[in-house]
Amino acid sequence: MVSSFRALHELIRVRRGSGLVLDWKQSGGTLLVGGDSRIIRVWDAHTETQVLDLETNCESPVTSITSDQGSSSTFIVGFADGLVKVFDHRLEEEDTIVRSYHDHHSWVQNVKYHPRISGQFLSGSLAGEVRLWDLRGSDTAIQAWDLHHTGLSAFDVHSQMGVFAT
């Protein structure tokens, strides 16, 4: 079987865009799609249908998306202006953004849930900053590292160990 579809129709023109950004949640069969758009589209891969469009309420493009691999309906999104937002797609459309974080001042390269501590996630920005956040705490990072004064080109978190790489 061969299948294809257009994941996102509403791409906007930006000077420095992120293109198309995807996150696949295997356990629920959900595909989250963002990028150079003002929306995040949620797809049900089992039925190959679009479930809903969520407004980002941000002028900057989506640069990264990560979903909790458990049964949670929350996901975290990084933006080109340094914002990080937490979404819950079970809520009504106007209430889907449940948290916003403003500690980064440049493009968020990646966001990832902490593999060993529930309710925590990490983010890395192109300015070389890595932040550890707690979803249950305040709107400021619980720990911050300024690792690369000349900039950061990649950031990822190991899926099982409590380590990250830049």
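Residues numbered from 1 in each chain as written. Predicted model: local features only at pLDDT ≥ 70, side-chain atom pairs only at ≥ 80, totals over all residues. Heavy atoms only, no water.

## Brief notes about the environment of Asp 23
Its location among the elements puts Asp 23 in strand β1 (residues 20-25). Asp 23 sits in the buried class, given a relative accessible area of 11%. Residues Asp 23 and Phe 75 lie 52 residues apart in sequence; the distance between their C-alpha atoms is 9.4 Å. Each residue touching Asp 23, except ones within four places of it in the same chain, is listed here: Thr 30, Leu 31, Leu 32, Ile 65, Thr 66 and Ser 67. Polar side-chain contacts of Asp 23 include one of 2.4 Å to the side chain of Ser 67. (Helix = DSSP H or I, 4+ residues; strand = E, 2+ residues; numbered from the N terminus. Buried < 20%, exposed > 50% of the residue type's maximum accessible area, 1.4 Å probe, protein only. Contact = heavy atoms within 4.5 Å. Polar contact = N/O pair within 3.5 Å; in protein donor to acceptor, adjacent residues only side chain to side chain.)

## Concerning the layout of surface pockets
When its volume is computed, the largest pocket comes out at roughly 380 Å³. Looking at the lining of the largest pocket, the elements that each hand over two or more residues are β5 (62-67), β8 (97-101) and β9 (108-113). For the lining of the largest pocket, the class distribution of residues is 7 nonpolar, 10 polar and 3 charged. (1 Å grid on protein atoms, 1.4 Å probe; cavity = no way out; pocket = protein on both sides within 12 Å on 5 of 7 lines; lining within 4 Å. Points joined across faces, edges and corners; volume = space filled by probe spheres on them. Nonpolar A, V, L, I, M, F, W, Y, C, P; charged D, E, K, R; others polar.)

## Description of the packing of aromatic side chains
Under the counting rule described, the total for this entry stands at 6 aromatic pairs. Here the aromatic rings of Phe 75 and Phe 87 are separated by 5.2 Å at their centres, their planes lie at 5°, and the arrangement is stacked. One end of the pair, Phe 75, is in strand β6 (residues 74-79); the other, Phe 87, is in strand β7 (residues 84-88), and 12 residues separate them in sequence. Across the pair, Phe 87 and Phe 75 agree in class, each one buried. Aromatic rings pair up to connect Tyr 101, Phe 121 and Trp 133 into one cluster. Across the ring face of Phe 79, the terminal group of Lys 85 is positioned such that the distance to the ring centre comes to 5.5 Å. (Phe/Tyr/Trp six-rings, centres within 6.5 Å; stacked < 30°, edge-to-face > 60°. Lys NZ or Arg CZ within 6 Å of the ring centre and 35° of its normal.)

## What about the pattern of salt bridges?
A complete count under the given rule lists 7 salt bridges for this structure. Where Asp 156 meets Lys 112, a salt bridge forms, and the shortest distance between an N and an O atom there is 3.8 Å. Taken together, the residues span a long stretch of sequence, with Asp 156 in strand β13 (residues 156-157) and Lys 112 in strand β9 at a distance of 44 residues. Under the relative-accessibility criterion, Asp 156 is labelled partly exposed at 38%. The partly exposed category is assigned to Lys 112, whose relative accessible area is 26%. With a closest N to O distance of 2.9 Å, Asp 134 and Arg 136 form a salt bridge. What makes Asp 134 buried here is its relative accessible area of 14%. (Salt bridge = Lys/Arg side-chain N within 4 Å of Asp/Glu carboxyl O.)

Function cannot be inferred from these measures alone, as they are strictly geometric.
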